[in-house]
Amino acid sequence: TSYPSIVGEMLSSGFAVVGFSWICSPACTELEVVVMDWLAKFLNLPSHFLHETEGPGGGVIQGSASEAVLVAVLAAREQTVRREQEKHPEMSESEIRGKLIAYSSDQSNSCIEKAGVLAAMPIKLLTASEDLVLRGPALKSAIEQDVAAGYIPVICIATLGTTGTCAYDDIESLAAVCEDHQVWLHVDAAYAGAGFALEECAELRRGLDRVDSLNFNLHKFMLVNFDCAAMWLRDANKVVDSFNVDRIYLKHKYEGHTQIPDFRHWQIPLGRRFRALKVWITFRTLGAEGLRAHVRKHIDLAAQFESLVKSDSRFELIAPRALGLVCFRAKGDNEITSQLLLRL
């Protein structure tokens, strides 16, 4: 975390905004629109994720990556059900829902498996390659088998920066398969998304122009305190259409304005905190270059630690160093590593 972020958190708590719609607090909504576009530019994301560009894309601040993934899974599910109902009017809605299936890597975060439980839709965890990366051929094979068995593929959740080793799934090859089969592609970049901001990590951004949604946690690498997870959508209308519940007490005369989103439609809860304020203050205080320097510092620290491990004959690396993560073990029986972990 950082001092500016804590100040922002205190101010937003003091204001006590319950910003489910623009009319509740215009500043809450409009500042979020501003900072999500700032962030998208800072991370060099495709322009269709910006609110300021014409089109249905945009960004929103969720509480955590778990929420962002669940929103993507639920929206993809509802879009698939509607599409299948149009294609197969002879099938009942319950029949369609009983055939839905989703995909991710066996290296993905536990929140993805949990999203499948909450969405009442099985998520098949595909075996990653030896380098712990999920690639298109594995997804293609699974989808073709499932389609032949009568299942309906819904979504693939790829990971940039897996929890175990910070491996990066191959977004381009996964996107090609998803496009062929009308499957939503979501990218969970909760940790590694910070690397998008660095030109030396530009390779991480390969294929992001082809994904439907992605998430990145500011509370991991951006000196913003928990909770603050940025999520971008290529077509926000697909989420709004899936979640939209309008009551008379929620209506106001400005709703539906293209530049004024009501973020309650983009999330699971109705109310929402003024998280954009702590992001804005952090950016204004530390600056884009200050934040980049912070990420580079952690990468440099990991490189230093990697060199120490390599120079000590008692230890070995078990995965390539990635961003701030170094995976190592004590040589010999696993019990030695377990004991070291307990002592640390």
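This structure is a prediction, so every number in the text was calculated from the model and none was measured.

### A look at helix H5 (residues 110–118)
Where H5 is concerned, the buried positions are Cys111, Ile112, Ala115 and Gly116. Angular distribution of buried residues about the axis of H5 spans 150 degrees; they occupy a single face of the element. The exposed residues of H5 that point more than 90 degrees off its buried face are Ser110, Lys114, Val117 and Leu118. Positive phi appears at Ala120, one or two residues downstream of H5, with a value of about 55 degrees.

### Overview of the pattern of salt bridges
Counted by the stated rule, this structure contains 23 salt bridges. Arg296 is the partner of Glu200 in a salt bridge, and the nearest nitrogen-oxygen pair spans 2.7 Å. Residue Glu200 is located in the loop between strand S5 (184–188) and strand S6 (213–217), and its partner Arg296 is located in helix H10 (residues 276–310); the two are separated by 96 residues in the primary sequence. Taking the shortest distance from any N to any O, the salt bridge between Glu289 and Arg292 comes out at 2.6 Å. A residue pair is termed a helical-turn pair when its members lie 3 or 4 positions apart in one helix, as Glu289 and Arg292 do in helix H10 at three residues.

### Digging into the domain arrangement of the chain
Examined at the domain level, the chain breaks down into domain 1 (3–286) and domain 2 (289–342). Across the boundary between the two partners, domain 1 contributes 20 residues, which contact 15 residues of domain 2. Summed over the shared surface of domain 1 and domain 2, the number is one salt bridge. Viewed at the interface, domain 2 and domain 1 are joined by four residue pairs in polar contact (both at pLDDT 80 or more). Here the element with the most residues in the side of domain 1 that touches domain 2 is H10; it accounts for three residues. Partitioning the side of domain 1 that touches domain 2 into residue classes produces 14 nonpolar, five polar and one charged.

### Some points on the state of the cysteines
Per the counting criterion, the structure on display carries zero disulfides. Unpaired in terms of disulfides, Cys28 finds its nearest cysteine sulfur in Cys24, a separation of 8.4 Å. Here Cys28 falls in the buried class, since its relative accessible area comes to 1%. With no disulfide partner, Cys201 has as its closest neighbouring cysteine sulfur the one in Cys166, 9.8 Å distant. What makes Cys201 buried here is its relative accessible area of 14%.

### Here we look at the packing of aromatic side chains
The full count for this structure, using the stated rule, is six aromatic pairs. Considering the side-chain rings of Trp38 and Phe283, the 6.2 Å spacing of their centres and the 50 degrees angle between planes classify their relative orientation as tilted. In this pair, Trp38 is assigned in helix H2 (residues 26–42) and Phe283 in helix H10, connecting sequence segments 245 residues apart. Its relative accessible area of 11% is what places Phe283 among the buried residues. With centroids separated by 5.8 Å and ring planes inclined at 80 degrees, the aromatic side chains of Phe315 and Phe328 adopt a geometry described as edge-to-face. Remark: Phe328 occurs in strand S9 (residues 328–330) and Phe315 occurs in strand S8 (residues 315–317); sequence separation between them is 13 residues. One aromatic cluster is present, formed by Trp38, Phe42 and Phe283 through successive ring pairs.

The rules behind each value
Residues numbered from 1 in each chain as written. Predicted model: local features only at pLDDT ≥ 70, side-chain atom pairs only at ≥ 80, totals over all residues. Heavy atoms only, no water. Buried < 20%, exposed > 50% of the residue type's maximum accessible area, 1.4 Å probe, protein only. Helix = DSSP H or I, 4+ residues; strand = E, 2+ residues; numbered from the N terminus. Arc of directions from axis to C-beta. Salt bridge = Lys/Arg side-chain N within 4 Å of Asp/Glu carboxyl O. Domains from an automatic or database assignment. Contact = heavy atoms within 4.5 Å. Polar contact = N/O pair within 3.5 Å; in protein donor to acceptor, adjacent residues only side chain to side chain. Nonpolar A, V, L, I, M, F, W, Y, C, P; charged D, E, K, R; others polar. Disulfide = S-S within 2.5 Å. Phe/Tyr/Trp six-rings, centres within 6.5 Å; stacked < 30°, edge-to-face > 60°.

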